[in-house]
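These are the residues of each chain, in order.
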Amino acid sequence: MSDSSPAPAAPVLDVWCELQCPDCRSALDDLRALRARYGDRLDVRLRHFPLEKHKHAFAAAQAAEEAVEQGQGWPFVEAVLGRVEELDRKGEPFLVEVASELGLDAEEFDTALIDGRHILIVDADQAEGKAIGVTGTPTYVIGGERLDGGKSQEGLRERIQEIADRLLAEQGA
């Protein structure tokens, strides 16, 4: 008899991030390594937590949601984070420029930033982040444990891997 029960859902790693944050840029290497190591076995989700001190972070979060809708969420996030200083300097036009470079519909990005169609998602993420005690970025949540990378990212990737490995082992994955 074949076992047709659905595979257990992959453990989720929520990454509370903002795209104008230099600390989030330094977290990119960890995120790339985790995504490479686990592939589909770990569901890495970008969650938005724009900080008021970064005036383009809220627009960048909306733009990231538009990139997700156009099927290029992570490439867009990595491209913007890799050039934080340009976002600081150029603001919203830079977000549209990156969309263009990635071959996305830049006009649609521009329209999305004007009509605010992704604001609710960003607001909901931020509210949830505040509710669970996120105060800065990057902050990781996996297996019910919150890890704050805003102060130091030392040892965080290892800790995330320990938790992910434990969760996967518990699933028998």
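Counting restarts for each chain: residues are numbered from 1 in the order of the written sequence. Local features in this predicted model are restricted to residues whose pLDDT is 70 or higher, and side-chain atom pairs enter the listing and the counts only when it is 80 or higher, whereas totals over whole chains, interfaces and linings include all residues. Hydrogens and water are ignored here; the side-chain numbers use all heavy atoms of the structure.

So, the overall build of the protein
Counting from the N terminus, the helices are the DSSP runs of H or I reaching at least four residues and the strands are the DSSP runs of E reaching at least two. Helix and strand counts for the protein stand at 8 helices and 4 strands. In this description the radius of gyration comes from C-alpha coordinates, and the expected globular size is given by 2.2 Å times residues to the power 0.38. Its C-alpha radius of gyration of 17 Å places the protein within 12% of the 16 Å reference for a compact globule of 173 residues. Along the first, second and third principal axes, the C-alpha atoms of the protein reach 55 × 40 × 25 Å. Under this rule, positive means Lys or Arg and negative means Asp or Glu; His and the chain ends count for nothing. Charged side chains are reduced to one point each, which is NZ for Lys, CZ for Arg, CG for Asp and CD for Glu. Across the protein, the centroid of the 19 positively charged side chains sits 5 Å from that of the 34 negatively charged ones.

Brief notes about empty space enclosed by the protein
Lining residues are those with an atom within 4 Å of a point, where the points come from a 1 Å grid over the protein atoms alone and group into cavities, where a 1.4 Å probe fits but cannot get out, or pockets, open sets with protein on both sides within 12 Å along at least five of seven lines. Grid points are joined across faces, edges and corners, and a volume is the space filled by probe spheres set on the points. Within this structure, the stated rule accounts for 1 cavity of 30 Å³ or more. If you add up the space inside the largest cavity, you get close to 40 Å³. Around the largest cavity sit Cys17, Glu18, Leu19, Leu46, His48, Phe49, Pro50, Ala57 and Ala61, which together line it. Contributions of two or more residues to the lining of the largest cavity are made by β2 (43–48) and α2 (57–69).

Regarding a negative patch on the surface
Note on patches: the residues involved have over 30% relative accessible area and no salt bridge, like charges join within 9 Å, and the nonpolar side chains Val, Leu, Ile, Met, Phe, Trp and Tyr join within 5 Å. For the area figures, the Shrake-Rupley method with a 1.4 Å probe applies, and any residue is considered shielded solely by the protein chains shown. Criterion for a salt bridge: a side-chain nitrogen of Lys or Arg within 4 Å of a carboxyl oxygen of Asp or Glu. A cluster of acidic residues, Glu92, Asp105, Glu107 and Asp110, forms a negative patch at the surface. Take Asp110: it is sitting in helix α6 (residues 106–115).

Here's the deal with the pairing of β2
Where a strand is regular, its side chains alternate between the two sheet faces. Where strand β1 (residues 12–17) and β2 come together, 6 bridges link them in parallel fashion. Residue pairing across strands places Trp16 opposite Arg47, the latter belonging to β2. What joins β1 to β2 is helix α1 (residues 22–38), and the crossover it makes is right-handed. A pair of strands counts as paired when DSSP detects no fewer than two bridges linking them. Handedness of a crossover: with both strands directed away from the viewer, a clockwise path from the first strand across the helix to the second marks it as right-handed.

Overview of the pattern of salt bridges
Going through the model one piece at a time under the given rule, you end up with 21 salt bridges. The closest approach of N and O atoms between Asp14 and Arg47, which form a salt bridge, is 3.3 Å. With a gap of 33 residues between them, Asp14 in strand β1 and Arg47 in strand β2 connect regions that are remote in the sequence. Note on exposure labels: buried denotes an accessible area under 20% of the residue type's maximum, exposed denotes more than 50%, and partly exposed covers the range between, all computed with a 1.4 Å probe on protein chains only. Relative accessible area serves as the criterion here: at 11%, Arg47 is assigned to the buried category. Between Arg157 and Asp30 there is a salt bridge, with its nearest N and O atoms 2.7 Å apart. With Arg157 in helix α8 (residues 156–171) and Asp30 in helix α1, this residue pair connects regions lying 127 residues apart in the sequence.

Brief notes about the packing of α2 against helix α3 (residues 73–81)
Here α2 crosses α3 at 145°, and the two axes come no closer than 7 Å. Crossing of α2 against α3: the hand is right-handed. Contact residues: α2 offers Ala60, Ala63, Ala64, Ala67 and Val68, while α3 offers Gly73, Phe76 and Val77. Basically, the charged four are Asp, Glu, Lys and Arg, the nonpolar ten are Ala, Val, Leu, Ile, Met, Phe, Trp, Tyr, Cys and Pro, and anything else, Gly included, counts as polar. Residue composition of the contact of α2 with α3, by class: 7 nonpolar, 1 polar and no charged. Angles here are taken between N-to-C directions and fall from 0 to 180 degrees, while the axes themselves are lines fitted to C-alpha atoms, restricted in helices to the stretch in contact. Two helices that cross are described as forming a left-handed crossing if the nearer one is turned anticlockwise from the farther one by less than a right angle, and a right-handed crossing if clockwise. Throughout, a residue-residue contact means that at least one pair of heavy atoms, one from each residue, lies within 4.5 Å.

Brief notes about the pairing of strand β4 (residues 145–148)
Bridge count for strand β3 (residues 139–142) against β4 is 4 bridges, and the pairing is antiparallel. Paired with Tyr140 across the bridge in β4 is Leu147. Hairpin connection between β3 and β4: a loop of 2 residues separates the two successive antiparallel strands, and Gly143 in this loop has a positive phi of roughly 55°.

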